[in-house]
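Spelled out, the chains give:
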Amino acid sequence: MSLSEARPSTATRPNDLEAYWMPFTANRAFKKAPRLITRAKDMYYYAADGHAVLDAAAGLWCCNAGHNRDPIVAAIKRQAEELDYAPAFQFAHPNAFELASRVAALAPGDLDHVFFCNSGSEAVDTALKIALAYHHARGEGARTRLIGRERGYHGVGFGGISVGGIANNRKFFGSLLAGVDHLPHTYNRDTQAFTKGEPEWGAHLADDLERIAVLHDPSTIAAVIVEPMAGSTGVLPPPKGYLQRLRAVCDKYGILLILDEVITGFGRLGFAFAAERYGVVPDIITFAKGITSGTVPMGGAIVRAPVYDAFMRGPEHVIELFHGYTYSAHPLACAAGLATLDLYREERLFERAGALEPKFADAAMTLRGLPGVLDIRTVGLVAGIDLASKPDGFGKRAYAAMEKAFHEHGIMIRVTGDTVALSPPLIVSENEIGEIFGRVGRVIEAVR
Ligand SMILES: Cc1ncc(COP(=O)(O)O)c(C=O)c1O
């Protein structure tokens, strides 16, 4: 069938949900009872039938400034009228430099060069490739091993799933990258249950890097990548002192430390980056999501000065890093990013998240004792609530909770396995925090 023949048949079936293969979605269940969103403003989504849905997930951990904020919308419109696209290779547009400077200024220490891409997955691949090429440039090309962590999520590229530690994201996709090892995850319910903030127990788990380094020999290890707070696996804040210990072992052996801040960046934990909260300066930070408050796809890697400098050698007409994307630093993304950073600053949203953290944590803990609640973890404006799995299927209870939340209780929650993850936009009010946990409590009762 030609394309022109195909079009009318689609047009006569405007509500046909079949063609779209939805990502990370139970397609058949969704298409039976779709959760369709048509509009958003500030803290709310509006479903296709018009009912308001309180956004307790910042979309997908990304709309940190809230939805459809006027200054961001205006900046995107202006940019679309002025410059649609400029080639990212060998040419550029001014806002790319402006945004890189602004992002670098938010990052701690000498993290002062920014490589742009379009998603968290690309940011992770970029960071891993920079790490490998960095060692190569310094004459340590034998450093090829990458170390991730169990329960880590670093997107869906082959690099990201290789260093990631979630079985379902790995097991269908072949042998992945060679030479990858994993640290143990940091969760232990016996010692950590119902902790607000960073758990006391678990810093020693960072010392496993020492064992891995000795096993493979440090001279073969390029980088370690971890999320400061593991988000997608169900909200695991780092144990007190854990990241500092990881940094120390990396320093001892010349291993680069990559903090994947795709979720934690741009205020989620009360700081521009979690690195600042934990007083750790990694060699590379990956970011995405909050950089544009979810409005236009964008991601990136921020690198320390010595990493960038290691590449700035050789003849000047030669490309220093053979890596990049057609849409790196896309003009619309840069315009959205600049307007978003302005909004974060003007409304002091990172500080706001920090100030609200104790209230958010207290409100989350009111759900303790509800039927099937096994653990609640909080940090910054994030909460993870583990529900007991139903005997007839892992993930069934949380899936039912998500459906009921959207259709019957007017709230959007994120679920992973049988864990509910909450991460509202940073503009959330104290009343709305109460509303979120009130509604989530009722949802949990409803799926008992
Ligand atoms: C820590 C982390 N890294 C990478 C990614 C992948 O980002 P994207 O879905 O934009 O590729 C995510 C997405 O949630 C993430 O949480």
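Residues numbered from 1 in each chain as written. Predicted model: local features only at pLDDT ≥ 70, side-chain atom pairs only at ≥ 80, totals over all residues. Heavy atoms only, no water.

A.B. asks: Before we move on, can you summarise the overall build of the protein chain with the specific residues and values?
C.D. replies: When helices and strands are counted, the protein chain shows 17 helices and 15 strands. In terms of overall size, the protein chain behaves like a compact globule, its C-alpha atoms giving a radius of gyration of 22 Å where 448 residues would be expected to give roughly 22 Å. By principal-axis analysis of the C-alpha atoms, the protein chain measures approximately 60 × 60 × 50 Å. Within the protein chain, buried positions represent 53% of all 448 residues. In the protein chain, the proportion of contacts linking residues at least 24 apart, taken out of those at least 6 apart, comes to 73%. (Helix = DSSP H or I, 4+ residues; strand = E, 2+ residues; numbered from the N terminus. Rg over C-alpha atoms; globule rule 2.2 N^0.38 Å. Buried < 20%, exposed > 50% of the residue type's maximum accessible area, 1.4 Å probe, protein only. Contact = heavy atoms within 4.5 Å.)

A.B. asks: Please give an account of the environment of F30 that cites residues and values.
C.D. replies: For F30, the position within the fold is in helix α2 (residues 27–32). The sequence separation of F30 and L17 amounts to 13 residues, and the corresponding C-alpha distance is 9.4 Å. Filtering out sequence-adjacent residues up to four positions away, F30 remains in contact with M22, T25, R35, L36 and Y399.

A.B. asks: Give a detailed account of the side chain of T286, specifying residues and quantitative values.
C.D. replies: Here T286 is to be found in strand β9 (residues 284–287). The residues contacting T286, other than those within four sequence positions of it, are A123, V124, A127, I258, L259, D260, E261, V262, G300 and A301.

A.B. asks: Kindly report on the environment of G299, identifying the contributing residues and their values.
C.D. replies: Looking at the element boundaries, G299 is found in strand β10 (residues 299–304). Counting along the chain gives ten residues from G299 to K289, while the straight-line C-alpha distance between them is 7.0 Å.

A.B. asks: A description of helix α17 (residues 430–446) should follow, citing residues and the corresponding values.
C.D. replies: The first and last C-alpha atoms of α17 sit 24 Å apart over 17 residues, in line with the 24 Å expected at 1.5 Å per residue. Of the positions making up α17, those classed as buried are E432, I433, I436, F437, R439, V440, G441, V443 and I444. (Expected span 1.5 Å × (residues − 1).)

A.B. asks: Requested: an account of the nonpolar core, with residues and values cited.
C.D. replies: Counting residues in each nonpolar core, the largest one holds 101 residues, and the members touching the most others are V224, L246, I385, I413, L422 and F437. In this structure, F437 is in contact with F360, A363, A364, L367, A383 and L422, ignoring residues within four places of it in sequence. Grouped together as the second largest cluster of nonpolar side chains are 19 residues, A131, L146, V163 and A301 included. (Core = buried A, V, L, I, M, F, W, Y, C linked by side-chain atoms within 4.5 Å.)

A.B. asks: Outline helix α11 (residues 242–253), supporting the account with residue identities and numerical values.
C.D. replies: Between its first and last C-alpha atoms α11 spans 17 Å; for twelve residues at 1.5 Å apiece the expected length is 16 Å, and the two agree. G254 sits one or two positions beyond α11 and adopts a positive phi of about 70°.

A.B. asks: Summarise the sheet that holds strand β3 (residues 52–55); cite the residues concerned and give the values.
C.D. replies: Spatially, the four strands line up as an open sheet ordered β1-β2-β3-β13, and their pairing is mixed. Two strands bound the open sheet, and with one partner strand each, they are β1 (37–41) and β13 (411–412). Strand direction decides the pairing type here: β3 and β13, joined by two bridges, are parallel. Residue pairing in the sheet places L54 in a bridge with I411 of β13. Against the sheet, α17 contacts β2 (44–47), β3 and β13, and its axis sits at roughly 105° relative to β3. (Pairing = 2+ DSSP bridges. Axes fitted to C-alpha atoms, helices over the stretch in contact; angles between N-to-C directions.)

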